[in-house]
Amino acid sequence: MKKLVVLVVIVVGLIGYLGWTWDGTSPSITWKSSPVIGKKAKIDVDVTDTGRGLRSVQVSIRQGKDEKAVLTREYPKLSWPWQKGQGGDRFTIAAEDLLKTAALKQGDFEILVKAVDQANLLAFDNTTEAKTNLRYDSRPPQLAVLSQQHYIRQGGCEAILYRISPDAKASGVLVGQNSFVGYPVPGGPADSRICVFALSYDQSVDTPMFIWAEDQAGNRAQINFWKKVFPTAFRKRDMPITDTFMQAVVPEILAHTDEVTEKPTLIESYLEINRKLRKSNNDQISALGRASAPQRLWSKPFIQLTNSQVEAVFADRRTYFYNGKQVDQQTHLGFDLATSAQNPVESANDGTVVYADYLGIYGNCVIVDHGLGLQSLYGHLSSIEVDKGQKVTAGQTLGRTGQTGLAGGDHLHF
Ligand SMILES: [Zn+2]
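Residues numbered from 1 in each chain as written. Predicted model: local features only at pLDDT ≥ 70, side-chain atom pairs only at ≥ 80, totals over all residues. Heavy atoms only, no water.

Attention shifts here to the environment of V47. In this fold, V47 is placed in strand β3 (residues 42-48). Contact partners of V47, with chain neighbours within four places excluded, come to P27, S28, I29, L54, V57, G87, G88, D89, F91, V113 and A115. (Helix = DSSP H or I, 4+ residues; strand = E, 2+ residues; numbered from the N terminus. Contact = heavy atoms within 4.5 Å.)

Here it is in structure tokens:
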């Protein structure tokens, strides 16, 4: 009787222990991959097992009738029920490896993963099999130039027309490090694109320029186009900075901005505005440009503010002097147009107002988006008479000229 009780206790204890350590869950498999992969693509496969851990993982691909092994991983076999193995693993499969080990060809293929966990009582294991359909495409999109002659001035812009194959997801023009987006040609065939691009004032005339196109798999095509580039002799201007001028502009700008804080002296605050705030404002303007409408919103030639005198031109190289000493150098990115004070400011063309607020060195500022990456900016305004989001037509009053921001007198910074 005593022996039977002991045996029952042992059996119950063993069953209880096995139930407690028993791994009844199958491994789980997850993927991270683009549905179409190119030559440089990588597929991430995550295999996890919440029970006793992984015993083996096998990856293979099937294309047509052929199934080829890609990798096999074995984990040390566990001997005792209280032991725990590896709970998870990640496999990064490069398309380049699939080309070598499994002779991957262009087109659809299936990737299969089989994961087995550690066996209970050396016999009872759990298996998970998963598969997914992917496509291999390493061919870059097709590109062809449609427009013939492209004349580009340093610090100026040009437009180009080209054609792309339907697989291209994005395209444009690359000028050195600067990438410009191409948009569908208004009223043109579905495969035609227009790109307005610029050679920056600070890029050399021999900066490489290409049309580019990229597909879903990340395959990229790049072609050259006929162009003639002209250097520009940018003007140099000396800008004396006086205490009277700084007293007029610095407190106003500081009151309107969080990016720069007041420094111990007026000249230090001024230099912080002229360097740091100028850079930050220009970055903000560039970001607005990248969000331009994908349609042409303008219909007529661009107009210069009526009866205005050009006082400063685009990319004037300005050297700043304080008490006879050189303190800074900056480039003036616009035209200064002088009229009578508080003159109405006209929109240079049709478009949508994308900015109507104070903008650092530009003071009260309006930016009009004309679509296809083209925008116009109106700075130093004494008043703004339009709202963000409002549609405007060429010649429509946006506000009045003034001297808000970094301005020594009433003028329009265009
Ligand atoms: Zn200006």
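Another point: the coordination of the zinc ion. For the zinc ion, the full set of protein donor atoms is H332 (NE2), D336 (OD) and H413 (ND1), and the range of their distances to it is 2.0 to 2.1 Å. All donors of the zinc ion belong to a single chain; written as a sequence motif, their spacing is H-x3-D-x76-H. Remark: H413 occurs in strand β31 (residues 412-413) and D336 occurs in strand β23 (residues 336-338); sequence separation between them is 77 residues. Among the residues examined, D336 registers a relative accessible area of 8% and is labelled buried. (Donors = N, O, S within 2.8 Å, 3.2 Å for Na, K, Ca; no water. Buried < 20%, exposed > 50% of the residue type's maximum accessible area, 1.4 Å probe, protein only.)

Count 3.6 residues to each turn of an α-helix, and residues three or four apart come out pointing the same way. When helix α2 (residues 95-102) is considered as a whole, its buried residues turn out to be A95, L98 and A102. Here the buried residues of α2 occupy an arc of 60° about the axis, which is enough to place them on one side. A positive backbone phi angle near 45° is found at A103, which sits one or two residues after α2. (Arc of directions from axis to C-beta.)

To continue, consider the packing of aromatic side chains. Counting across every chain of the model gives eight aromatic pairs. Between Y201 and F314, the ring centres sit 6.5 Å apart and the planes meet at 80°, which makes this aromatic pair edge-to-face. Taken together, the residues span a long stretch of sequence, with Y201 in the loop between β15 (192-199) and β16 (209-215) and F314 in the loop between β20 (309-312) and β21 (316-322) at a distance of 113 residues. Take Y201: its relative accessible area is 25%, and that puts it in the partly exposed class. Seen in terms of ring centroids, Y270 and Y320 are 6.5 Å apart; in terms of plane orientation they differ by 55°. Their pairing is tilted. Of this pair, Y270 sits in helix α4 (residues 266-290) while Y320 is found in strand β21, placing the two residues 50 residues apart along the sequence. Taking relative accessible area as the criterion, Y270 reaches 2% and is therefore assigned buried. An aromatic cluster is defined as three or more aromatic residues linked by ring pairs; in this entry it consists of Y151, W226 and F230. When the ring centre of F225 is taken as reference, the NZ or CZ atom of K227 above it lies at 4.6 Å. Its end group placed over the ring of W298, R296 keeps NZ or CZ at 5.9 Å from the ring centre. (Phe/Tyr/Trp six-rings, centres within 6.5 Å; stacked < 30°, edge-to-face > 60°. Lys NZ or Arg CZ within 6 Å of the ring centre and 35° of its normal.)

Purely geometric numbers; function is a separate question.
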